[in-house]
Amino acid sequence: MRSPVNFLGFPVRLLRTWPGVLMLAWVGIWLSGCLSATPTLAPGPIPTETPTPQPTSTTTPVPLGEVENPIVFGYIDASSVEQPPAADRVIQQIAGQTGLAIRAESFSTYRQLLEAMEKTDVHLAWMPPLTYLYASQRGIAEVGLLSNHFGVYRYGVQFLVNASSGFQLYFDPLSGQNSADAATALRQFEGKRPCYVEPTSAAGYLVPAGLLAQNGIQTAEPAFTQTHSGVVRTLYVQGVCDFGATFAISGDPRTASAVLQDLPDALERIPVIWRSNPIIPNLALVFAAGMPAETRLSLEQAFQDLVKDPEGRSNLSLFADYEIEDIRPVEDSLYDPLREIIAALGIHYAEFIGK
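Definitions and limits used
Per chain, residues are indexed from 1 in the order of the written sequence. In keeping with the model being predicted, local features are shown solely for residues with a pLDDT of at least 70 and side-chain atom pairs are shown and tallied solely at 80 or more, while totals for entire chains, interfaces and linings include all residues. Neither water nor hydrogens contribute to the side-chain values; these are computed over all heavy atoms in the structure. Helix and strand assignments come from DSSP, with helices taken as H or I runs of at least 4 residues and strands as E runs of at least 2, each series counted from the N terminus. Burial status follows relative accessibility: with a 1.4 Å probe on protein chains alone, a residue under 20% of its type maximum counts as buried, one over 50% as exposed, and anything between as partly exposed. Each accessible area value is a Shrake-Rupley result obtained with a 1.4 Å probe; residue values ignore everything except the protein chains displayed when judging cover. Here, strands pair whenever DSSP counts at least two bridges between them. Note on geometry: axes are C-alpha line fits, over the in-contact stretch for helices, and angles between N-to-C directions span 0 to 180 degrees. By definition, residues are in contact when any of their heavy atoms lie within 4.5 Å.

A. Looking closely at the overall build of the protein chain. In terms of regular secondary structure, the protein chain is built from 13 helices and 14 strands. Buried residues in the protein chain amount to 43% of all 355 residues. Counting every atom, the protein chain has about 19400 Å² of accessible surface; 55% of that belongs to carbon and sulfur.

So this is what it looks like as structure tokens:
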């Protein structure tokens, strides 16, 4: 029978003797030396795996004029709920000629339209002169096309008096020319009371008052008659004001049928003292600032082609609610004379949005 052994394989009987004990001690020392020779790793941060960057998708902007990003033609229509048929016809014709996606959107006021244009939610709109001055100053819009209204692209103002008032005339009705400059002709109105149309009228107040201010001529407190024909009638009856101002060049309120019916001698009784150059632009088609040049040129050409067609011209007039006989490209500098005259009054364009 074999003697039992321990875990090191030595007979148990041997371990009970001194030689065995010494041998066991030697084996223990040898094992501890082997274990101590094993290197110990210093603690440190656990290595992490750097994630591989994943490609990100970039959205390509849809060009203006595509179906997903149509050109918006803003217009003023405070009364109608439905889009007028003329607007539909104009949009369809322009879209068909240019290949651009266009839709019309109505606004109750020009202030709302300008806010939308400033955010580039509107790209195209009709705009009267004083409203355009505001939009241009704010960098919202740039003029593109100017309409011909009653045969002219711009109109002016005239200063009227009663023939019995004793003022000197500086305008020849036969030649349509002035015989003196504004400073000379208008100096005689110093301290006199004017008749104007209303405080926001370009031709009926702002421009004539601006011309007087430019030349350092101070007048008495004005009377406002609310209409251009009202200025003529007030001067005719006398006693309210010494002189008046109305629009000119695009027409003459003295020759209106309603005036001549009651005052058949209005032209003789109410002569012109002096007439300005045509400085007030008509209704314009303006573009949102920053519109791509190629898109803008395409639209301008399409509108110029459309106005050559009688039906197209009629639709444009109905859409704009303004009699349009023709349309042509113009530069912003065309408005500079008007800017200079308005500046003489020291007023802000924001007060005349819609005019």
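What follows picks up the thread again.
B. Main features of the sheet that holds strand 13 (residues 284–288). Ordered by their spatial adjacency, six strands build an open sheet running 2-1-3-13-4-14, and the pairing between neighbours is mixed. Each of the sheet's edge strands pairs with one partner strand only, and the pair in question is strand 2 (102–107) and strand 14 (326–329). Here the average twist between neighbouring strands, direction ignored, is 30°. Where helix 3 (residues 85–98) meets the sheet, its contacts fall on strand 1 (71–76) and strand 2, and the angle it forms with strand 2 comes to roughly 150°.

C. Molecular detail of the environment of Phe-224. Secondary-structure assignment places Phe-224 in strand 9 (residues 223–224). For the pair Phe-224 and Glu-198, spaced 26 residues apart in the sequence, the C-alpha separation amounts to 5.4 Å. When residues no more than four places from it in sequence are discounted, the contact partners of Phe-224 are Tyr-196, Val-197, Glu-198, Pro-199 and Tyr-205.

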